[in-house]
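# Geometric and topological summary
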Amino acid sequence: MARKDHGAIFRMGAVQLVQEKQAELLTARELLLGGYGRISDDQEDEGTGDRGAGVARQREAVDQVCKLMSITSQPLVWTVAAWYEDNDVSAFKDVVRPQFELMLEDLRNGTIDGIVVYDLDRLARRPVDLEKVIDIYDRAAKEGRQLFFATAQDKIDLASADGLTLARVMVAFANKASRDTARRVALKHREVALTGRPVGGTRPFGWQWTDGKAPLTLKDGRVIAAGKRQHAVLEAEAKVIEQAAQDVLLGVSLTTICRDLNQRGIRTTRGNEWRPGPLRLMLESPRLAGFRVHQGTFIADKEGTAFVKGEWDPILDEDTWQQVFDTLQAKGSGHRKNEGRRSYLLSGLLQCSQCGGSMSANARSDGSHFYACKPRTGQKGKAGCGKVTCSGRAVEALIEAAMKQRMAISTLTVHEEDTWPDEDELAATKAQMRALMPQLVEAEGQARQLLNAEFTKLSDRVEELQAERARWVFQHGRSVRHAKVGPEDWDDMTVDKRRAYVEEEITAIVVRPAVQRSNRFDYTRLSIVWRTDEPPAD
Ligand SMILES: [Zn+2]
């Protein structure tokens with residue numbers, strides 16, 4: 001029997017083992033629970049605007065629940081063994097929550113014995129999510145393994161029929177409320193668009209937000225009242241746009257314009273260097289001529305007689321903008337015809353893993369094409385090492401699928417073959433810790449100190465690994481939907497337009513040499529380097 005040791009509290013990542021309790025209750029069973037917190041971006045009840053604080057409060061509540069449950073369900077000891085949180089994600093939208101999925105995985109494989117949440121609607125707002133959870137509880141029960149569940153708001157027993165019914169009803173209501181909210185938001189957006197009010201968030205290049213304290217008088221006499229969103233023309237950037245428009249009309253290539261802008265240190269509103277794709281999107285936007293754009297296109301006013309004007313001064317007059325637009329559109333096809341070469345989705349974006357050189361597209365006589373690090377003789381471009389080539393169709397199909405996925409959902413699934421590499425080590429380290437626990441409770445004197453040291457070492461490692469995993473999941477599992485288009489628009493886009501979106505999202509795609517000759521393309525040869533996850537400007 002271990003002696004009482006009030007000072008010894010071991011930290012293992014999120015796990016807190018209260019030694020004293022363990023010693024007193026040898027029959028006590030320690031439940032390792034997964035705490036889950038989530039803040040959605042359509043959250044209104046948090047009120048503080050500080051989403052992190054919201055999760056902190058949920059976490060506090062979860063700890064509180066565990067303390068309570070430990071008292072009321074003695075000799076079971078409820079401890080939060082792991083904390084999972086999905087931040088900034090609405091559970092209603094058709095998204096995958098990476099930490100939620102991780103938690104379910106841990107629940108399935110026995111790493112945790114149950115879930116504690118602040119409120120059922122944090123856990124699941126869609127019935128399908130709740131069913132996933134219930135399914136795991138059901139299966140465990142059939143295998144004779146009891147799983148636990150608690151919320152700070154309601155007492156719900158997922159192991160009982162009444163509890164299940166209650167949970168389902170609650171989620172059904174939450175789901176309906178979410179859908180109503182989504183519909184309201186969509187209607188609201190269209191309504192706002194009809195007023196011509198600018199889209200909030202990142203400013204578009206050429207304009208800046210005013211502080212809105214004074215009324216803003218537009219050139220055509222409209223007055224934007226104080227307290228409203230106000231876009232004022234930013235003269236320096238307006239000049240850049242005017243110049244770029246003139247250059248386009250003179251036949252200067254977008255690449256040349258970008259090079260010039262970048263050399264002059266002019267950056268996009270996201271702080272990036274200019275690339276032809278984004279520059280083109282910017283110049284093609286009707287916003288420049290003073291039109292309000294909704295979902296990427298003009299909107300007709302309520303009478304259907306005119307396009308809605310934005311509540312801002314245009315930078316280009318309508319004719320100039322139209323000419324620029326037409327020129328850019330024509331250039332897409334004309335360019336290809338004149339120079340006798342096609343435009344390829346990924347030229348310049350694919351990068352050879354061997355020499356770092358940029359891979360160019362090469363047409364075959366059968367109409368197919370391939371990308372190679374060494375251009376064929378007679379073509380322009382720096383000579384690469386020539387060790388890497390890949391099928392154009394296969395790589396493009398993959399990138400297009402990835403782009404569509406990225407457009408469709410705000411959180412990407414972590415693919416099966418794309419799991420965090422150290423998952424095994426984490427599981428093994430946790431298992432070692434659990435194996436050590438009973439000995440630790442029993443041990444005394446020097447043996448105990450040794451075990452203590454061992455335990456601390458393991459728990460530090462677990463903490464380290466969990467932090468790494470969280471970072472990894474964040475980097476691999478998070479993305480933001482492009483505001484302008486959905487995946488259904490992709491197939492109608494020209495190659496140039498698609499390219500623009502690809503450039504907007506992807507910095508580079510690294511291609512490794514083929515390991516063996518095969519008819520099927522080996523997708524593990526590719527690594528996609530995504531750009532930032534912040535949402536693009538309107
Ligand atoms: Zn190379």
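Figured I'd write up the structure that's included with this text. (Residues numbered from 1 in each chain as written. Predicted model: local features only at pLDDT ≥ 70, side-chain atom pairs only at ≥ 80, totals over all residues. Heavy atoms only, no water.)

Right, let's talk about the overall build of the chain for a bit. In terms of helices and strands, the chain carries 15 helices and 18 strands. The buried share of the chain, taken over its 538 residues, is 45%. In the chain, the share of contacts with a sequence separation of at least 24, taken over all contacts with a separation of at least 6, comes to 67%. Of the roughly 28000 Å² of accessible surface on the chain, a fraction of 51% belongs to carbon and sulfur atoms. (Helix = DSSP H or I, 4+ residues; strand = E, 2+ residues; numbered from the N terminus. Buried < 20%, exposed > 50% of the residue type's maximum accessible area, 1.4 Å probe, protein only. Contact = heavy atoms within 4.5 Å. Areas by Shrake-Rupley, 256 points an atom, 1.4 Å probe, with all protein chains shown as cover.)

The next thing to look at is the nonpolar core. Membership of the largest hydrophobic core comes to 29 residues, with the highest contact counts inside it found for Ile115, Leu123, Phe149 and Leu158. At the level of secondary structure, the elements contributing two or more residues to this core comprise strand E3 (29-38), strand E4 (76-86), helix H3 (98-108), strand E5 (114-117), helix H4 (120-123), helix H5 (127-142) and helix H6 (161-195). Ranked by residues supplied to this core, first place goes to H5 with six residues. Setting aside its immediate chain neighbours within four residues, isoleucine 115 contacts Leu33, Gly34, Met103, Leu107, Leu123, Val133, Tyr137, Phe148, Phe149 and Ala150. (Core = buried A, V, L, I, M, F, W, Y, C linked by side-chain atoms within 4.5 Å.)

Turning to the pattern of salt bridges, a few remarks are in order. A complete count under the given rule lists eleven salt bridges for this structure. Here glutamate 237 makes a salt bridge to arginine 203, at a shortest N to O gap of 2.7 Å. Here glutamate 237 is found in helix H7 (residues 235-250), whereas its partner arginine 203 is found in the loop between H6 and strand E7 (207-209), with 34 residues between them in sequence. Its salt-bridge partner being arginine 461, residue glutamate 464 comes within 2.4 Å of it at the nearest N-O pair. In this pair, glutamate 464 and arginine 461 both sit in helix H13 (residues 445-477), three residues apart, roughly one turn of the helix. Accessibility expressed as a relative area gives 42% for glutamate 464, which makes it partly exposed. Residue arginine 461 is classed as partly exposed on the basis of its relative accessible area, which comes to 25%. Through salt bridges with shared partners, one network takes in Glu425, Arg461 and Glu464. (Salt bridge = Lys/Arg side-chain N within 4 Å of Asp/Glu carboxyl O.)

A separate point is the packing of aromatic side chains. The final tally for this structure, using the stated rule, is six aromatic pairs. Measuring from centroid to centroid gives 5.1 Å for phenylalanine 205 and tryptophan 274, while their planes differ by 90°, and the two rings are edge-to-face. Here the residue phenylalanine 205 occupies a position in the loop between H6 and E7, and tryptophan 274 occupies one in the loop between helix H8 (254-263) and helix H9 (276-284), the gap between them amounting to 69 residues. For phenylalanine 205, a relative accessible area of 5% corresponds to the buried category. Judged by centre distance (6.3 Å) and plane angle (65°), the rings of tryptophan 207 and tryptophan 312 are edge-to-face. Separated by 105 residues along the polypeptide, tryptophan 207 in strand E7 and tryptophan 312 in the loop between strand E12 (297-298) and helix H10 (318-339) bring together distant segments of the chain. Across from the ring centre of phenylalanine 291, 5.0 Å away, lies the NZ or CZ of lysine 309, which sits over that ring. (Phe/Tyr/Trp six-rings, centres within 6.5 Å; stacked < 30°, edge-to-face > 60°. Lys NZ or Arg CZ within 6 Å of the ring centre and 35° of its normal.)

Bringing the sheet that holds E4 into the picture now. The pairing of strands in a sheet comes from backbone hydrogen bonds and takes either a parallel or an antiparallel form. One open sheet accounts for four strands, arranged E4-E3-E5-E6; its pairing is parallel. In this open sheet, the two edge strands, each paired with only one partner strand, are E4 and strand E6 (148-151). Ignoring which end each strand starts from, the neighbouring axes of this sheet average 25° apart. Pairing geometry for E5 and E6, over four bridges, is parallel. Paired with valine 117 across the strands is threonine 151, a residue of E6. The strands touched by H3 within the sheet are E3, E4 and E5, with E4 carrying the most contacts at an inclination of about 145°. (Pairing = 2+ DSSP bridges. Axes fitted to C-alpha atoms, helices over the stretch in contact; angles between N-to-C directions.)

Here three bridges tie strand E13 (residues 350-352) to strand E17 (residues 506-511), and the two strands are oriented parallel to one another. Looking across to E17, one finds that glutamine 351 is bridged to valine 510. With five bridges joining them, E17 and strand E18 (residues 526-530) adopt antiparallel strand pairing. Within the sheet, the bridge partner assigned to isoleucine 509 lies in E18 and is isoleucine 528.

Before going further, it helps to examine the packing of H8 against H9. Running from N to C, H8 and H9 cross one another at 100°; their axes reach a closest spacing of 9 Å. With respect to H9, the element H8 is oriented roughly perpendicular. Touching Leu254, Thr255, Ile257, Cys258 and Leu261 of H8 are Pro276, Leu279, Arg280 and Leu283, all from H9. (Parallel < 35°, antiparallel > 145°, perpendicular 65-115°, else oblique.)

Turning our attention to the sheet that holds strand E16 (residues 389-391). Strand order in the open sheet made by the three strands is E14-E15-E16, with antiparallel pairing throughout. Two strands bound the open sheet, and with one partner strand each, they are strand E14 (360-363) and E16. Geometrically, the sheet is characterised by an average inter-axis angle of 30° between neighbouring strands, direction not taken into account. The pairing of E14 with strand E15 (residues 369-372) spans four bridges and is antiparallel. Looking across to E15, one finds that alanine 363 is bridged to histidine 369.

The next thing to look at is the environment of glycine 35. Mapping glycine 35 onto the fold places it in strand E3. Residue classification places glycine 35 among the buried positions, given a relative accessible area of 1%. Linking glycine 35 and arginine 59, residues 24 residues apart in sequence, is a C-alpha distance of 7.2 Å. Filtering out sequence-adjacent residues up to four positions away, glycine 35 remains in contact with Val62, Val80, Ala82, Trp83, Tyr84, Met103 and Val116.

Time to look at H3. Because an α-helix completes one turn every 3.6 residues, residues spaced three or four positions apart along the sequence face the same direction. Burial of H3 is extensive: eight of the eleven residues sit out of reach of the surface. Among the residues making up H3, those that are buried are Pro98, Gln99, Phe100, Leu102, Met103, Leu104, Asp106 and Leu107. Phi turns positive, to about 85°, at glycine 110, one or two residues after H3.

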